Amino acid sequence: KQQGSLYEAIGGRYVLDRLVDAFYSNVSNHPDLIPIFPEDLTETARKQKQFLTQFLGGPKHYTEEHGHPMLRARHLPFTITKTRAMAWLSCMEDAMDEIELEGPAREEIMQRLTMTARNMINTPED
Ligand code: HEM
C-alpha cells in the first residue's frame with residue numbers, strides 16, 4: 001500500500017483539475033450521456049473537482065460546501081443504466097489517456113470509480 005493519498009500521488013489540484021475538465025469535455029460529446037447532463041457543465045465540473053479531491057484523500061471541499069455526498073441519492077433523479085455507467089467510465093478512461101495519467105494510482109482510482117459507478121445504476125436497460 002502506498003504512502004500518502006491518491007490525490008497527492010497523481011499530482012494534486014493541478015492534475016485533478018485537468019482530469020475533470022477533460023472528463024466533462026468527453027461527457028458533453030457522449031451520445032449516451034448528453035441527454036441527462038446540463039448543457040453548461042461549469043457548475044457540475046466545479047462540484048466534481050471538490051468531490052474527487054476528497055474521494056482521493058485530499059481536502060474535504062465538497063462536504064464543507066454541500067454536506068454529506070450521498071452520491072446514490074443525489075443521482076436518483078437521473079436515469080442511470082448500466083450502459084450509462086459504462087459510458088461514464090469510458091469518458092474517464094479517455095480523460096486519463098488525454099492527460100497521460102498512468103501507473104498504479106490510475107489503476108487504483110479506476111477500480112474505485114468502477115465500484116462507485118456500479119452503485120449509481122438505478123434503472124434497468126429499456
Ligand atoms: C452529478 C450522472 C457516476 C459524482 C451528476 C449529474 C448527473 C450525473 C446527470 C448531475 C449534473 C448536474 O446537474 O450538475 C452520472 C452518471 C454516472 C455517474 C450517468 C454513471 C454511473 C458518478 C460517479 C461519481 C459521481 C462514479 C463519483 C465518483 C457526481 C457528483 C455530482 C454528480 C459529485 C454532483 C452532485 C451535486 O450536485 O452536488 N452525475 N454520474 N457521479 N455526480 Fe455523477
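Everything below is about the structure shown above.
Residues numbered from 1 in each chain as written. Predicted model: local features only at pLDDT ≥ 70, side-chain atom pairs only at ≥ 80, totals over all residues. Heavy atoms only, no water.

Trainee: Tell me what's going on with the layout of surface pockets, and back it up with residues and numbers.
Mentor: Remark: the empty space left among the atoms is shown by a probe the size of a water molecule rolled over them. Its boundaries defined by the atoms lining it, the largest pocket holds a volume of some 730 Å³. Surrounding the largest pocket, 26 residues form its lining, Tyr24, Phe37, Thr44, Gln48 and His75 being those nearest its centre. Every element with two or more residues in the lining of the largest pocket is listed here: α3 (42-55), α4 (61-66), α5 (71-75), α6 (82-98) and α7 (104-120). Sort the elements by how many residues they give to the lining of the largest pocket and α3 lands first, with seven residues. The residue inventory of the lining of the largest pocket, partitioned by class, reads 17 nonpolar, five polar and four charged. As a volume, the second largest pocket reaches approximately 190 Å³. Taken together, Tyr7, Arg13, Asp17, Arg46, Lys49, Gln50, Thr53, Pro59 and His61 make up the lining of the second largest pocket. In terms of residue count, α3 provides more of the lining of the second largest pocket than any other element does, four residues in total. (1 Å grid on protein atoms, 1.4 Å probe; cavity = no way out; pocket = protein on both sides within 12 Å on 5 of 7 lines; lining within 4 Å. Points joined across faces, edges and corners; volume = space filled by probe spheres on them. Helix = DSSP H or I, 4+ residues; strand = E, 2+ residues; numbered from the N terminus. Nonpolar A, V, L, I, M, F, W, Y, C, P; charged D, E, K, R; others polar.)

Trainee: Which residues make up empty space enclosed by the protein, and what are the values?
Mentor: For the structure on display, the rule yields one cavity of 30 Å³ or more. Considering only enclosed or pocket space, the largest cavity measures out at about 30 Å³ in volume. Forming the boundary of the largest cavity are Leu16, Leu19, Leu52, Leu56, Met92, Ile109 and Leu113. Mapped by element, the contributors of at least two residues to the lining of the largest cavity are α2 (13-27) and α7. Classifying every residue of the lining of the largest cavity gives seven nonpolar, no polar and no charged.

Trainee: Which residues make up the nonpolar core, and what are the values?
Mentor: The biggest cluster of nonpolar side chains holds 33 residues, and the ones touching the most others in it are Ile10, Phe23, Leu52, Leu56, Met92 and Leu113. For this core, the secondary-structure elements that each account for two or more residues are α1 (6-10), α2, α3, α6 and α7. Looking at which element gives the most residues to this core, the answer is α2, with eight residues. (Core = buried A, V, L, I, M, F, W, Y, C linked by side-chain atoms within 4.5 Å. Buried < 20%, exposed > 50% of the residue type's maximum accessible area, 1.4 Å probe, protein only.)

Trainee: Could you give me a rundown of unusual backbone geometry, with the residues and numbers involved?
Mentor: A positive phi angle is found at methionine 70, which is not glycine, with a value near 40 degrees. Mapped onto the fold, methionine 70 is located in the loop between α4 and α5. Of note, the phi angle at glutamate 100 is positive, near 60 degrees, even though the residue is not glycine. Looking at where glutamate 100 falls in the secondary structure, it is placed in the loop between α6 and α7.

Trainee: Could you give an account of the coordination of the iron atom of the ligand, naming the residues involved and the relevant values?
Mentor: Just one protein ligand coordinates the iron atom of the ligand, and it is His75 (NE2) at 2.0 Å. Topologically, histidine 75 is positioned in helix α5. (Donors = N, O, S within 2.8 Å, 3.2 Å for Na, K, Ca; no water.)

Shape is all these values report; function is a separate question.
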